[in-house]
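Residue strings, one per chain:
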Amino acid sequence: MRRGFVVLTAAALLVVLAACRSEPVSTAPEASTPLRAALQFGEVDIDGQTRTYRLWAPPTAGFEGPSALVFALHDAFGTADSFRQATQFDQAASAGNFIVAYPESLVGTWNGGFCCGRARADAEDIDDLGF
């Protein structure tokens, strides 16, 4: 449960540290090493609730300098996976060399406060911002 959070935190820390360097650093593997894009599944504990997400990282992310992270929030009553398939952000991320996180809502909606009426996530006071 916490392993995914630790991995994600460590990756974020490395990106921040790399961005702080004044000279470029090449950590790319040898050209003969094949790189594969990866879809990872993770989970993190927020207020005693297990929250899940999918993370798409193109093969060159992080090797050519810091990579952007885009959060792709699914629509009401959708899922992270259906949103991933419908938007095809994975292909855009691979072409643009950025990482995409697809968080999964707990109850089919997000706690957007006043913007979204009294959605179930708001009514149940789910901490989507903490997630």
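Parameters and conventions
Residues numbered from 1 in each chain as written. Predicted model: local features only at pLDDT ≥ 70, side-chain atom pairs only at ≥ 80, totals over all residues. Heavy atoms only, no water. Helix = DSSP H or I, 4+ residues; strand = E, 2+ residues; numbered from the N terminus. Buried < 20%, exposed > 50% of the residue type's maximum accessible area, 1.4 Å probe, protein only. Areas by Shrake-Rupley, 256 points an atom, 1.4 Å probe, with all protein chains shown as cover. Patch = residues over 30% accessible without salt bridge, like charges linked within 9 Å, V, L, I, M, F, W, Y side chains within 5 Å. Salt bridge = Lys/Arg side-chain N within 4 Å of Asp/Glu carboxyl O. Pairing = 2+ DSSP bridges. Axes fitted to C-alpha atoms, helices over the stretch in contact; angles between N-to-C directions. Contact = heavy atoms within 4.5 Å. Polar contact = N/O pair within 3.5 Å; in protein donor to acceptor, adjacent residues only side chain to side chain.

Draft legend 1. Examining the overall build of the chain more closely. Scanning the chain from N- to C-terminus turns up 4 helices and 4 strands. The order of helices and strands in the chain, counted from the N terminus, is α-β-β-β-α-α-β-α. Residue burial in the chain is summarised as follows: out of 131 residues, 29% are buried. For the chain, the computed accessible surface area is about 8,500 Å², with 59% contributed by carbon and sulfur atoms.

Draft legend 2. Representation of a nonpolar patch on the surface in the model. A cluster of nonpolar residues, Leu69, Phe71 and Leu73, forms a patch on the protein surface that exposes about 310 Å² of accessible area. Its relative accessible area of 46% is what places Leu73 among the partly exposed residues.

Draft legend 3. Representation of the sheet that holds strand E2 (residues 49–57). Spatial strand order, E1-E2-E4-E3: 4 strands in an open sheet with mixed pairing. The sheet is open, and its two borders are formed by strand E1 (38–46) and strand E3 (69–71), each paired with just one other strand. The sheet shows a mean angle of 25° between the axes of neighbouring strands, direction not considered. Pairing of E3 with strand E4 (residues 99–103), which is carried by 3 bridges, proceeds in the parallel orientation. Opposite Phe71, over in E4, you have Ala101 as the bridge partner. The sheet contacts of helix H2 (residues 80–87) involve E1, E2 and E4, and relative to E4 the element is tilted by about 140°. On top of the sheet, helix H3 (residues 89–96) reaches E2 and E4; it is set at about 155° to E4, its chief contact.

Draft legend 4. Focus on the side chain of His74. As for its position among the elements, His74 is in the loop between E3 and H2. Polar contacts involving the side chain of His74 include one to the main-chain carbonyl oxygen of Gly78, which spans 3.3 Å. Of the polar contacts made by the side chain of His74, one reaches the backbone nitrogen of Ser105; its length is 3.1 Å. Not counting residues within four places of it along the chain, the set of residues in contact with His74 comprises Thr79, Ala80, Phe83, Pro103, Glu104, Ser105, Gly108 and Trp110.

Draft legend 5. The arrangement of the pairing of E1 in detail. Bridge count for E1 against E2 is 9 bridges, and the pairing is antiparallel. Bridging from a neighbouring strand, Phe41 pairs with Arg54 of E2. Linking E1 to E2, which pair antiparallel, is a turn of 2 residues; within it Asp47 sits at a positive phi near 50°.

Draft legend 6. Structural view of unusual backbone geometry. Of note, the phi angle at Asp47 is positive, near 50°, even though the residue is not glycine. Its place among the elements puts Asp47 in the loop between E1 and E2. With a phi close to 55°, Gln88 is a non-glycine residue in the positive phi region. Overall, Gln88 belongs to the partly exposed group, its relative accessible area being 48%.

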